[in-house]
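# Observations on chain architecture
Spelled out from the first residue to the last, the chains are:
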Amino acid sequence: GGFPCQAFSYAGKKLGFEDARGTLFYEFARTVKTVKPTIVIGENVRGLHRHDNGRTLLIMLNTLKEIGYRVAYTIMRAQYLDVPQKRERLIIYGIRKLKKNKNIKFIRPKENDYMVTLKDALKNCPESEGSNYPERKKELLSMVPPGGYWRDLPIDIQKEYMLKSYYLGGGKTGMARRLSWDEPSLTLTCAPAQKQTERCHPDETRPLKIREYARIQTFPDNWKFSGSISSQYKQIGNAVPV
């Protein structure tokens, strides 16, 4: 399961099943308690281990322990596991505490010493639908080189595009960002044309298309997505790389 951590309330002190109530993680744990699978895997953003100073993660781990699992967690970097995307995720894993399962071990995948580039990932990618930029935004982004972002624009254009953000701190490196053929993609979000997390094609001035998004998330080309274009982007962006 993949579940948000934002919904946790911090009133309780049991740090277990009771404190997980009212969250989607609780529904995950309730399902595990009913189905009793041998192995459970939970996926979340890397920052979960810092959420509420680690207390949220502790609640999740303790909840699974309470219902009969030996648990641990690890952080996996997809870009070193044959995924053409810089995507780091925290993986919780649990093995049901039964005598017959005592020799089951979780073996963390061995990271490669290379990364798959966008050029390799999108080779012969099937055509598909995608979202488009408004005309003025397209004009501005056409000035950004591959691998570049808003700071590569002329100063007057930077101010026009960034508005008040121009005067604020922080790198804001996702804004007006064009991807590079020679590197993995940046982490995919639920929409490739969000101003804060732009995912512009390396050559063409447009957002990545549906099948390109799917390739970067390592879905096979025959995998079907349904619903509106924005819904399909969201399905892919929220997914775990295959």
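Here goes a summary of the coordinates provided. Nothing here was measured: the structure is a model prediction, and the numbers come from that model.

This next bit is on the overall build of the protein chain. The helix and strand inventory of the protein chain stands at seven helices and three strands. Listing every helix and strand of the protein chain by position from the N terminus yields α-β-α-β-β-α-α-α-α-α. Viewed in the frame of its principal axes, the protein chain has a C-alpha envelope of about 65 × 40 × 35 Å. Contacts in the protein chain between residues far apart in sequence, at least 24 positions, make up 64% of those at least 6 positions apart. For the protein chain, the accessible area works out to roughly 13200 Å², and carbon and sulfur atoms hold 53% of it. Computed over 42 positive and 25 negative side-chain charges, the inter-centroid distance for the protein chain is 10 Å.

Moving on to the nonpolar core. Generally speaking, nonpolar side chains in soluble globular proteins are found buried as a group. In terms of nonpolar packing, the biggest core is built from 22 residues, with Phe25, Leu64 and Ile92 touching the most fellow members. Elements with a contribution of two residues or more to this core: helix H1 (24-35), helix H2 (55-66), strand E2 (69-77) and strand E3 (88-96). With near-sequence residues (within four places) excluded, Ile92 lies in contact with Val40, Ile41, Gly42, Leu48, Leu57, Met60, Leu61, Leu64, Ala72 and Tyr73. In this structure, Leu186, Leu188, Ala214 and Ile216 belong to the second largest nonpolar core, which totals 15 residues.

This next bit is on the sheet that holds E2. As summarised here, the arrangement of the three strands in space is E1-E3-E2, forming an open sheet in which the pairing is antiparallel. Single-partner strands in this sheet number two, and they are strand E1 (39-45) and E2. Geometrically, the sheet is characterised by an average inter-axis angle of 20° between neighbouring strands, direction not taken into account. Across seven bridges, the pairing between E1 and E3 is antiparallel. By the bridge assignment, Val45 is partnered in E3 with Arg89. Together, E1, E2 and E3 form the strand contacts of H2, whose direction differs from that of E2 by roughly 140°.

On to the environment of Arg151, then. Assignment of secondary structure puts Arg151 in the loop between helix H4 (135-141) and helix H5 (155-162). Sequence-wise, Arg151 and Lys172 are 21 residues apart; in three dimensions their C-alpha atoms are separated by 9.5 Å.

Looking now at unusual backbone geometry. Unusually for a residue other than glycine, Asn53 sits at a positive phi of about 55°. As for its placement among the helices and strands, Asn53 is situated in the loop between E1 and H2. Its identity as a non-glycine residue notwithstanding, Asn124 has a phi of 55°, on the positive side. Tracing the chain through its elements places Asn124 in the loop between helix H3 (118-121) and H4. With relative accessibility at 70%, the residue Asn124 sits in the exposed group.

Let us look at the packing of aromatic side chains. Under the criterion given, the structure shown has 10 aromatic pairs. Ring geometry for Phe3 against Phe28: centres 5.2 Å apart, planes inclined by 45°, an arrangement best described as tilted. A residue pair is termed long-range when its members are at least 10 positions apart, and Phe3 in the segment before H1 and Phe28 in helix H1 qualify at 25 residues. By the ring-pair criterion, three or more aromatic residues cluster together here, those being Tyr149, Trp150, Tyr166 and Tyr167.

Helix length check: H2, at 12 residues, gives a terminal C-alpha distance of 16 Å against a target of 16 Å (1.5 Å per residue), a fit within 8%. All of the buried residues in H2 are Arg55, Thr56, Leu57, Ile59, Met60, Leu61, Asn62, Thr63 and Leu64. Phi for Gly68, located one or two positions after H2, is positive at around 105°.

On to the side chain of Arg87. Secondary-structure assignment places Arg87 in the loop between E2 and E3. No salt bridge is formed by the buried Arg87; its nearest oppositely charged neighbour, Glu43, is found at 5.3 Å. A distance of 2.8 Å separates a polar side-chain atom of Arg87 from the backbone oxygen of Gly237. Among residues more than four places away in sequence, those in contact with Arg87 are Met76, Arg77, Ala78, Gln79, Thr187, Leu188, Gln217, Gly237, Asn238, Ala239 and Pro241.

Between H1 and H2, the shortest axis-to-axis distance is 10 Å and the interhelical angle comes to 20°. The orientation of H1 with respect to H2, classified from their angle, is roughly parallel. For H1 against H2, the interelement crossing comes out right-handed. Within the contact between the two elements, H1 uses Phe25, Phe28 and Ala29 and H2 uses Met60, Thr63 and Leu64. Residues belonging to the contact of H1 with H2 are distributed by class as follows: five nonpolar, one polar and no charged.

Rules used throughout
Residues numbered from 1 in each chain as written. Predicted model: local features only at pLDDT ≥ 70, side-chain atom pairs only at ≥ 80, totals over all residues. Heavy atoms only, no water. Helix = DSSP H or I, 4+ residues; strand = E, 2+ residues; numbered from the N terminus. Contact = heavy atoms within 4.5 Å. Areas by Shrake-Rupley, 256 points an atom, 1.4 Å probe, with all protein chains shown as cover. Lys, Arg positive; Asp, Glu negative; His and termini not counted. Charge placed at Lys NZ, Arg CZ, Asp CG, Glu CD. Core = buried A, V, L, I, M, F, W, Y, C linked by side-chain atoms within 4.5 Å. Buried < 20%, exposed > 50% of the residue type's maximum accessible area, 1.4 Å probe, protein only. Pairing = 2+ DSSP bridges. Axes fitted to C-alpha atoms, helices over the stretch in contact; angles between N-to-C directions. Phe/Tyr/Trp six-rings, centres within 6.5 Å; stacked < 30°, edge-to-face > 60°. Expected span 1.5 Å × (residues − 1). Salt bridge = Lys/Arg side-chain N within 4 Å of Asp/Glu carboxyl O. Polar contact = N/O pair within 3.5 Å; in protein donor to acceptor, adjacent residues only side chain to side chain. Parallel < 35°, antiparallel > 145°, perpendicular 65-115°, else oblique. Left-handed = near helix turned anticlockwise from the far one by under 90°. Nonpolar A, V, L, I, M, F, W, Y, C, P; charged D, E, K, R; others polar.

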